[in-house]
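One-letter residues, chain by chain:
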Amino acid sequence: MGYSQIALDIGEGIATLTLNRPEKMNAFTGTMMNEIIDAMDRTDADDSVRAVIFTGAGERAFCAGADLTPDDGRAVFSDSSPVEDLSDPRVRDGGGKLTLRLYQSKKPLISACNGAAVGVGVTMQLPMDIRLASENARYGFVFARRGIVPEACSSWFLPRIVGVGQALEWCMTGRIFDAQEALRGGLVRSVHPAGELIDAARGLAREIADNTSAVSVAMTRAMLWRVPSGDHPMTAHKVDSRAIYRLSKGVDAKEGVQSFLEKRAPAFPGRVSADMPDFYPWWGEEPPYA
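Residues numbered from 1 in each chain as written. Predicted model: local features only at pLDDT ≥ 70, side-chain atom pairs only at ≥ 80, totals over all residues. Heavy atoms only, no water.

(A) Focus on the packing of helix 8 (residues 214-226) against helix 9 (residues 233-248). Packing of helix 8 against helix 9 brings their axes to within 12 Å, and their N-to-C directions diverge by 175°. Classed by the angle they form, the pair helix 8 and helix 9 counts as roughly antiparallel. When helix 8 is examined against helix 9, the residues V215, S216, M219 and M223 are found in contact with a partner set consisting of V239, D240, A243 and L247. (Axes fitted to C-alpha atoms, helices over the stretch in contact; angles between N-to-C directions. Helix = DSSP H or I, 4+ residues; strand = E, 2+ residues; numbered from the N terminus. Parallel < 35°, antiparallel > 145°, perpendicular 65-115°, else oblique. Contact = heavy atoms within 4.5 Å.)

Put into C-alpha cells, the structure is as follows:
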C-alpha cells in the first residue's frame, strides 16, 4: 500500500499492522507515525475489517522507542524550531498525535508485543484495547532516564489501565521490566511463547469478527473509553439509553435475536460506515490543541 516503515495486511476480516524497521528494532519516526495514522484511516473506512492487530517485524522488538539517530538528522524528541507560543502545532508530541488517532479508532485494536517495547514503543500500545505479550517482551517507561517525561498521552492512559501507584513506579524508576511483571501489573492480558503470540492475537480477533456486530463493537469501544471520564453515572445512563434505544431497532439487533433463537452463528449486516446511531459521536468535536 505504498508504506515504507510499516506493513498493512488485510484478510478474512482482520488487519495486521506490522512496524517494519527490523534493522533499527522498529524504532519510531515521524514517517512511521504518519503511516500508522493513514493505516487507521484505511481500516476505519473498510467495513470488511473487524479488528486490527499490531506487532513488530523481526524477533527482537515491537518498537525500541524513538529513533535516537534518525536518518534525516532531525531532533529526536521535538521539533528543533524555536517557538514563542506553546500552543504552536510544532510543539505537539508525535507520539501523542498517534495515540489520539488510535483512541479514535472505530475498530478494536489488539497489540501483539513480540519483543522490546520502550518509550513510545510501549506508550503507543496503551490506547489499544487488548494487549498480549510474548515471553521475550520487555517494557520500559524510560523517560526520566532520558531527561524528559512520559509522552503520547500516557499520563492519561497508563493510570487508567494499571492504576496510579503502578504507573508512578514504572515511570519514576524508568526501569526495564519483563512480560511477567507487565502481566502482574495489569499492562497486558496474557503472555505467550513467541511462536504462539500472533495466533493468540488472531484468535481474539477471530472471536470478535465471527460473533459480534461491528456497530455494537464500535459503540462499545467508544463508550468504555470515553464514558468513565464523566463526573456522574448519569453520563453513562444517557449514552447507554440512547444507544440501546437506537440499536435495538436496527438490523443487527434483529439478527442477534433471530440467530440466538435459531441456534446458529449470526450474520450481522450492519456497517460501521453507514449504520452508527444518529447521535454518534455524542461527544462532539475532538478538543483542539491549544
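(B) Region of the structure containing the nonpolar core. If you look at the biggest cluster of nonpolar residues, it comprises 45 residues, and the most contacted ones within it are L17, L19, I36, F54, Y139, F141 and L187. When neighbours within four sequence positions are excluded, F141 is seen to be in contact with V122, T123, L126, L158, W170, C171, G174, R175, F177 and L187. In this structure, A214, M219, V239 and A243 belong to the second largest nonpolar core, which totals 13 residues. (Core = buried A, V, L, I, M, F, W, Y, C linked by side-chain atoms within 4.5 Å. Buried < 20%, exposed > 50% of the residue type's maximum accessible area, 1.4 Å probe, protein only.)

(C) Seen up close, the pattern of salt bridges. Counted according to the given criterion, the structure contains 15 salt bridges. A salt bridge links R202 to E12; the nearest nitrogen and oxygen atoms lie 4.0 Å apart. Here R202, found in helix 7 (residues 197-211), pairs with E12, found in the loop between strand 1 (6-11) and strand 2 (14-19); they are 190 residues apart in sequence, far enough to count as distant. For R202, a relative accessible area of 28% puts it in the partly exposed group. Its relative accessible area of 64% is what places E12 among the exposed residues. Measuring nitrogen to oxygen at the nearest pair gives 2.9 Å for the salt bridge that ties R246 to D278. Remark: D278 occurs in the segment after helix 10 (251-261) and R246 occurs in helix 9; sequence separation between them is 32 residues. (Salt bridge = Lys/Arg side-chain N within 4 Å of Asp/Glu carboxyl O.)

(D) Geometry of the sheet that holds strand 6 (residues 116-118). If you trace the four strands from one edge of the open sheet to the other, you get 4-6-8-9, paired in mixed fashion. At either margin of the open sheet sits one strand with a lone partner, and together these are strand 4 (61-63) and strand 9 (176-178). This sheet shows a mean twist of 20° between the axes of neighbouring strands, independent of strand direction. Pairing analysis gives three bridges linking strand 6 to strand 8 (residues 138-140), with the strands arranged parallel. Within strand 8, the residue paired with A117 across the bridge is Y139. (Pairing = 2+ DSSP bridges.)

(E) Structural view of the environment of D93. Relative to the helices and strands, D93 resides in the loop between strand 4 and helix 2 (94-103). Its relative accessible area of 29% is what places D93 among the partly exposed residues. Along the primary structure D93 and A152 are separated by 59 residues, whereas in three dimensions their C-alpha atoms are 6.8 Å apart. Apart from residues no more than four positions distant in its own chain, D93 is found in contact with E151 and A152. Side-chain polar atoms of D93 contact the backbone nitrogen of G96, separated by 2.8 Å. A polar atom in the side chain of D93 sits 2.8 Å from the backbone nitrogen of A152. (Polar contact = N/O pair within 3.5 Å; in protein donor to acceptor, adjacent residues only side chain to side chain.)

(F) Structural context of the pairing of strand 7 (residues 130-134). Taken across its five residues, strand 7 has four buried, putting it largely inside the fold. Where strand 5 (residues 109-113) meets strand 7, four bridges bridge the pair, whose relative direction is parallel. Bridged to A112 within strand 7 is L132. The sheet contact formed by strand 7 and strand 10 (residues 190-192) spans three bridges and is parallel. The residue bridging A133 from the neighbouring strand is V191, located in strand 10.

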